[in-house]
Structures are given as structure tokens and as C-alpha cells.
Amino acid sequence: MTRIVLHVDLDSFYASLEEIRNIEIKGKPVVICVYSGRSPDSGAVSTSNYKARELGIKAGIPISFAKRIAKDKEVVFLPVDMEHYRLASDRIMELLEEEADAIEQVSIDEAYLDVTNRPFENWIEAQKIAEKIKEKIKHHEGLTCSVGIGPNKLVAKMASGHKKPNGLTVITDAEVIGFFDKLPVSKIHGIGDRTTKSLNDLGIQTASDLANYNIDALERIFGKNKAKILQEKAKGIDESPVEQDEIQQISRIGTLSEDTDNIEIIFEKIKELSFDIQKKIKKKVVDFRTISIIAIDTELKTHSRSETLQQTDLIDENLIKVRNLLQKFFEENPGKKLRRIGIKVSNLLEKKKQKTLGDFYS
Ligand code: DGT
Ligand code: CA
Ligand code: CA
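First things first, this report covers the structure right here in the doc. Computed from a prediction, not measured in an experiment: that's the story for all the values here.

### Some details on the side chain of Glu94
Item 1. Inspection of the secondary structure puts Glu94 in helix H4 (residues 82–97).
Item 2. Glu94 gets classed as buried once you look at its relative accessible area, which sits at 15%.
Item 3. Apart from residues lying up to four places away in sequence, Glu94 is in contact with Ile250, Ser251, Arg252 and Lys280.

### Focus: the pairing of strand E7 (residues 145–150)
Item 1. Taking burial as the measure, the six residues of E7 include six buried ones, the bulk of the element.
Item 2. Because side chains alternate across E7, one face comprises the buried residues Cys145, Val147 and Ile149, and the other comprises Ser146, Gly148 and Gly150, equally buried.
Item 3. One ladder, built from six bridges, connects strand E1 (residues 5–10) with E7; its direction is antiparallel. Residue Val8 lies in a different strand from E7, and its bridge partner there is Val147.

### Details of the site of ligand 1
Item 1. Within the structure, ligand 1 sits among 13 residues, and Ser12, Ser46, Thr47, Tyr50 and Arg53 are positioned closest to it.
Item 2. Between ligand 1 and Asp9 there is a distance of 3.3 Å, counted from an oxygen atom to a side-chain nitrogen or oxygen.
Item 3. Contact between ligand 1 and Phe13: an oxygen atom at 3.0 Å from a main-chain N or O atom of the residue.
Item 4. Taken by itself ligand 1 offers 590 Å² of open surface, and the protein chains cover 66% of this.
Item 5. Counting residues per element, the ones that place at least two in the shell around ligand 1 are E1, helix H1 (13–21), strand E3 (43–48) and helix H2 (50–54).
Item 6. Partitioning the shell around ligand 1 into residue classes produces five nonpolar, three polar and five charged.
Item 7. Counting residues domain by domain, the shell around ligand 1 receives three or more from each of domain 1 (5–13 + 83–173) and domain 2 (15–80).

### Quick look at the pattern of salt bridges
Item 1. Throughout the structure, instances matching the rule amount to 28 salt bridges.
Item 2. The partner of Glu232 in a salt bridge is Lys228, and the shortest N-O contact between them spans 3.4 Å. One end of the pair is Glu232 and the other is Lys228, both in helix H11 (residues 224–234) and four residues apart, which spans about a single turn.
Item 3. Each of the salt bridges in this network shares a partner with another, and the network as a whole consists of Glu94, Arg252, Asp276 and Lys280.

About the criteria used
Residues numbered from 1 in each chain as written. Chains lettered and ligands numbered in written order. Predicted model: local features only at pLDDT ≥ 70, side-chain atom pairs only at ≥ 80, totals over all residues. Heavy atoms only, no water. Helix = DSSP H or I, 4+ residues; strand = E, 2+ residues; numbered from the N terminus. Buried < 20%, exposed > 50% of the residue type's maximum accessible area, 1.4 Å probe, protein only. Contact = heavy atoms within 4.5 Å. Pairing = 2+ DSSP bridges. Near = heavy atom within 4 Å. Polar contact = N/O pair within 3.5 Å; in protein donor to acceptor, adjacent residues only side chain to side chain. Areas by Shrake-Rupley, 256 points an atom, 1.4 Å probe, with all protein chains shown as cover. Nonpolar A, V, L, I, M, F, W, Y, C, P; charged D, E, K, R; others polar. Domains from an automatic or database assignment. Salt bridge = Lys/Arg side-chain N within 4 Å of Asp/Glu carboxyl O.

In C-alpha cells form, the structure reads like this:
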């Protein structure tokens, strides 16, 4: 049976998140940096938005080089804020989860979704799911993403990379060969620089060169396993399943009605958020062992504090501990006000669903 797999990848993920939380930088070239700390500008660019990429500022280049390019231009340089990006990533993965039979997250900003068994299993329907996903991510997070649809993970991944940003590309099983045919081998997902060089040395330039190359000759150079994998890749064949992720944590964040350090007000918000988390805990049939607060201050810095608990599935009974975490946070940060507050349960343990009396009678 033909599978239908989606690959979703957020566009310039860290940079877009920074643009959303700071309206003043929206539309400017934005560069996200990992500073190594050795000197003020040592380190590398983690990512940049598309405006900055047009200037030649791309992931991986030294920050000092990026700053030279940016000289006399209005380019925004920001340090990475992993906590912030991870929270957004978690929320997005939860949105995706609702749309798929199975979801496998492969990095902070991308996931494979198997939608084969969704209603009307066909390509048009899959495209509708992709459109819905794009709308949801835009609506909830303000972000765009690029989606690829194909009969397997490899093709879906290649499809999502085909048109970026904000793309949607469908490659049906009938279209796979046509899509791969003239593609340079370096563009095939999973074929790196070294392999590309070895292939080029053999006179192999395109996917179809590779697909039609004598297998014995390939095996002599790459070994039996890799030769087979290379030729499968060149034909867009990939049998690997979308492997359902175990959930790691459940979190909710909300914006306070005003910037505040009033514990009562903040705690009210926490109670409200915890209601939602409790529902999700029940739905997922899990216990948790860690509870955390996520505090976002008026400078939009994220702070978290955690507490380890006895295994439980009840939030209410642990809210006092959450309150203590909050209290401790303000003792350590006197005068600091919060803009947003979140609560998270993690260290999740799968739990066997117990039958309640109600289940026996229903
Ligand atoms: P895209 O997908 O081309 O629109 O742009 P990004 O920024 O989403 O790039 P992607 O999907 O390759 O990576 C997702 C995030 O991972 C990205 O926003 C920042 C981080 N990242 C990517 N490449 C690097 C890197 O070379 N170093 C570090 N530290 N982080 C990276
Ligand atoms: Ca991305
Ligand atoms: Ca990615």
C-alpha cells in the first residue's frame, strides 16, 4: 500500500521566533549567534532570517565575518535563547500531533507525519492536511513552515526543501522518478560532501546516473550495504517507517494581564494553565515526576525552576510546590516582574490504564 508521509520544517526557525517576540526587529535582517565567549565576536552564526541570507549571512559562518558583511547596514544580532525555542518547538509538535497517525520529530524544527490512514487516503486530502497545518502554525505561533508530501520520508524531506520559505510541495509516487532524475547527487538527503566527491570521481553526477550505475562497481567502493542504500536513495526509495515519538513533557504558557511580581496574580494564571495540562495528562494516560515553572520576564528572558516529585498524575496536589518555586524565584530575583508564566510536567512515565467502576457499567 502506498504510504503518505508529510515532512514539516519551520522557516528560519530561531530568527522567526525572535522577530515575533520583538516587533521592532520585524522585517530587518536578523542573525542568531552562538557566542563562544573567547572574545566578544567569537563564535558562529546559528541561523539567520531570509533578509540576512540575501546579504550572505548564513548558518555556520563566523560571527566576526557576519559582522563585517553587516557593516554600515542595519542588521540585528542576537544570542541564541534555546529555552524559548524549545518551548515553541514543543507547542508546535503538539499542534502537529493532532493531525497525524504517527509523528516523529527529527530536530527542533522538523517532523515527519504519517497520514496514510487519515480519511480519504489520497494526495489531495494530504495536501489539505498540510494546508491546515500551515494555517494552525501561523495562527497559533505566527510562523511559516515548509511542507513536503511524498510516499516515504526521504521524498517528503526532499519535497519540503524544494520550495522554501512557506512552501508546499507534493511528490506523488508517480512523480518520484521525474523529480529525482536530473537532481545532482549532492542534493539527495543523506548524501554528504565526501560521498558526493567519491561519486563525482566515478563520473556520477545526477540521481539517475547513480540509480543506473553498475551495482558491483558501487559495492567495490562503498561496500554492499552502502551501495544498496545509495541506489535506493537515487530512486527515491525509503522503507523506513515514521516512528511514533514518546511524549517527553507537557507544558502550557500564558501571558499575564499585566507585567507583575504579584504572586497571587501569577499563581491564579498557573492554576488556569494547569487545568489544561491535567486534561492532557489524562488523555495521554501518563504519570509525571517533575514539575516546573517557566517564568518569562519583561525583557523576555526565560527562567525555569523545577521540583522532583513522587510519581503522580495529579497536578492539583502539587500546586503548593509550584507556588514555592515561584516564591523562591522572586526571593532570588527581587524586583523582577514577569510578563508570561508557564507550567510544565516532565519525566513522564507511561501508565497502564486502570478500569474505573464507570467503565464496567458503560
Ligand atoms: P530554513 O529551514 O532554511 O528556513 O532555516 P532554519 O533556520 O529553520 O534552519 P534549519 O531548519 O536547518 O535549522 C533549524 C534551527 O536549528 C535553526 O533555526 C537554528 C538551528 N541551526 C541550524 N543550523 C545550525 C548550525 O549550524 N549551528 C547551530 N548552532 N544551530 C543551527
Ligand atoms: Ca527550518
Ligand atoms: Ca530543520
